[in-house]
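Architecture at a glance
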Amino acid sequence: MKTDRIVALLFILPSLILIGIFIYGFIGWTGWVSMVNWRDVFPDFTFVGLRNYSRLFQHFRFAISMKNTLVFTILFLIASIGIGLLLAILLDRKVRFEGFFRTVYLFPMAVSFVVTGVVWRWILNPGTGGESVGLNWLLEKIGLGFLKSGWYTDPNIGIKAVVIAAVWQMSGYVMALYLSGIRSVPNELYEAAQLDGANVFQLYRYIVLPLLRPVTLSAVIILGHISLKIFDLVFAMTGSGIGFSCDVPALFMYDTTFRGNYFSQGAAIAMILLLCVAALIIPYLVYSIRSEVRK
Amino acid sequence: MWRKLVLLVAMSLLVTVFAAKIEIFSWWTAGGEAEGLQELFNIYSKLYPGVEIINATVAGGAGAQAKAVLKTRMLGGDPPDTFQVHAGHELIDTWVKTGFMEPITFLYKEEGWDKVMPKGILDIVSYNGEYWSVPVNIHRANVLWYNKKIFEKYGLKPPKTFEEFFQVAEVLKSHGIIPLALGTKDGWEAAHAFETVLIGKLGAEGYKGLWTGQTKWSDPRVTDALETFAKMLQYVNSDHAARTWDEACALIVEGKAAMNIMGDWAVGYFYAKNFYDFGWVLAPGNEGIFDALSDSFGLPKGAKNRENVINFLRVLGSKEGQLAFNIKKGSIPARTDIDKNLFPEYQRSAMEDWLKHEIVPSVMHGAAASESWVTEFKDVISLFVARPDVKTTQKALVSIAKAQGVPQ
């Protein structure tokens, strides 16, 4: 028994050490940098406490980017989960060529966010001088010209246009999660419900959806942490956007650190992002560990 | 058999270890820039054969992305042998004051560069009585480019003052032509245009003073500049947030827009698109002022191939190198002893102006202020483009200047 434990420990030790250094060690280092006065390429490790944080909270760009992240996260979660669930239910109704459709919907996930960003930058480019391109052109051709818009170049839309691209990319993934969830619902439950005279709507409302709650939770966690940390999609698609209407904290962090040399301020943004993601993930971890213990 | 193989491996390892190399870091990846760089490589290879050149480039206008890569390398103790850096505060504040560079005054003395380059440029590559980098070229930031055909068609004259600019813009607008092409996707282009408005309203001394504290940011002329810029923004293409600077130039090429305020690297873009119907004047109110920036290369401490770098720097500062590079790049040489008749028309005019105009350093391109100030400045102006609130913006400009330790 005892040797077993030692062997097990030896096996996980290398990864423990590596994770300890390269994840927790660097988190600690970033935390330290965020509390010193490093604002030049040459490090200055004078301790300044939380001054970088208080400066950050007064910075107009930080306020705008945090607000944008909030809007982005909420819209992205609702739309991806809604569309993903809808697609999963439709596919579950034994459509023809199910395998084909599944691949089509899932495929965008395999594409890098950078590629998605560049392509959607073109699609949602509103065109100029009265000439329409991309999606606006399409809308005009099919007689829906009144739907034309400035997309991400309109400061009132800004980040919401990026949501479209993100939903296009990730809703297929949510569909896959839900589809496997629906498929794992035991057949007896369907049969019992049908015997009780439940129609299709009731079947999903009272049998399937309640059973899918854990899947929804996973989807929220996975999409939520992606959207809080989002950088590559926004960077490739819009940049900070007009009047920072597309700005997110990660972009601000990149700018202030590598263009402005405010290394401590960048580290402070990183820590705040970490806290946001932790606030999302820690309750989930606690929940799943507890339910494992119960089993 | 085995012994032979081992010998072979050992030998090839030796070759890779001792092979002469030089790694040159820049953001010159497109069109004329890349061709100019290649010219320099060719001259270098001819003079110093057998040295392998590693061309480390990172794409992106104004070097925004390249600078991020460079910083991680420098801080990580892995400096490239030499790197592109804007002469002025970007060089001095970011790299020299922080102790990352070696002085190269000896090269200036040996090659006599201090006698053939004008004082305006020598000043911005020196600190503490030493020279720190070799300027390869001079670019001019305050140029207004226009499509000649459009101007002829409507019988217009290129504007020299703000008043004329707005008259012309009004006429163009009434004909459905975009008066001023702008691309703000990368975040620096609007601030670049605003820089020329500041020069136009404050003049050379007033503008230079903004960065040293001699002119206050609360000055009413700054208010005037902001108001004028806000008015100019009413004449730009509506999709500017979707375009980069070169995509804005494309509007001129396609004949959809009539004017554009951009640095003279636009010439390289126009030539690359086989577009020759462009004309130029100075940005409104910029008469007699040369808003300059310069790309330069220095010698980082700890460069792995120091001797090769020094030789490369010699090529950069040589007559031959400056001529070959600048003809391709569309800029003008930092040396003043090069025959201007070897250059195309635009560059000839810039070379004449370089000698007789008053030189001011460009802020958006690293010459006038530290990188941290430039970043904040560009952010404030970026926000101004979407929310043209003159009062708030001027207050923000005052407070970022204060944060830089410049009394207001």
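Numbers given for residues are sequential positions, taken from 1 along each chain in its written order. Whichever chain is written first is A, and whichever ligand is written first is 1; the rest continue in order. This being a predicted model, a pLDDT of at least 70 is required before a residue's local features are given, and a value of 80 or more before pairs of side-chain atoms are given or counted; all residues contribute to the totals for chains, interfaces and linings.

The name recorded for chain B in an unreviewed UniProt entry is Probable sugar-binding periplasmic protein, from Pseudothermotoga hypogea.

Labelled according to an unreviewed UniProt entry, chain A appears under the name Sugar ABC transporter permease, originating from Pseudothermotoga hypogea. UniProt positions are given in the numbering used here, feature names are shortened, and annotations may be inferred rather than shown by experiment. In its Sequence similarities (unreviewed entry) section, UniProt records this for chain A: "Belongs to the binding-protein-dependent transport system permease family." Heading Subcellular location (unreviewed entry) of the UniProt record for chain A holds this comment: "Cell membrane".

On to the overall build of chain B. Helix and strand labels come from DSSP, where a helix needs a run of H or I of at least four residues and a strand needs a run of E of at least two; each type is numbered from the N terminus. Assigned secondary structure in chain B consists of 18 helices and 16 strands. By the compact-globule yardstick of 22 Å for 408 residues, chain B fits well, its C-alpha radius of gyration being 22 Å. Expressed as lengths along the three principal axes of its C-alpha atoms, the size of chain B is roughly 80 × 50 × 45 Å. For chain B, restricting intrachain contacts to residue pairs at least 6 apart in sequence, the fraction spanning at least 24 positions comes to 78%. It is over C-alpha atoms that the radius of gyration is taken, and the globule rule equals 2.2 Å times the number of residues to the power 0.38. Contacts here follow a simple rule: the backbone-placed C-beta atoms of the two residues must lie within 7 Å.

What follows covers the interface of chain B and chain A. The partner chain A presents 30 residues to the 30 residues of chain B that form the contact. Secondary structure elements with two or more residues in the side of chain B that touches chain A: α3 (64-75) and α17 (371-386) of chain B. Element by element, the count of residues in the side of chain B that touches chain A is highest for α17(B), at 9 residues. Only Asp, Glu, Lys and Arg are considered charged, only Ala, Val, Leu, Ile, Met, Phe, Trp, Tyr, Cys and Pro nonpolar, and every remaining residue, Gly among them, polar. The class makeup of the residues in the side of chain B that touches chain A is 10 nonpolar, 10 polar and 10 charged.

Residue and element names in this part refer to chain A. In the numbering adopted here, UniProt assigns the feature "transmembrane region" (unreviewed entry) to residues 7-27, 70-91, 103-123, 157-182, 203-227, 233-254 and 266-287. The span residues 7-27 is 100% helix and 0% strand, and its two end C-alpha atoms sit 29 Å from each other. Segment residues 157-182 splits into 92% helix and 0% strand. End C-alpha atoms: 35 Å apart.

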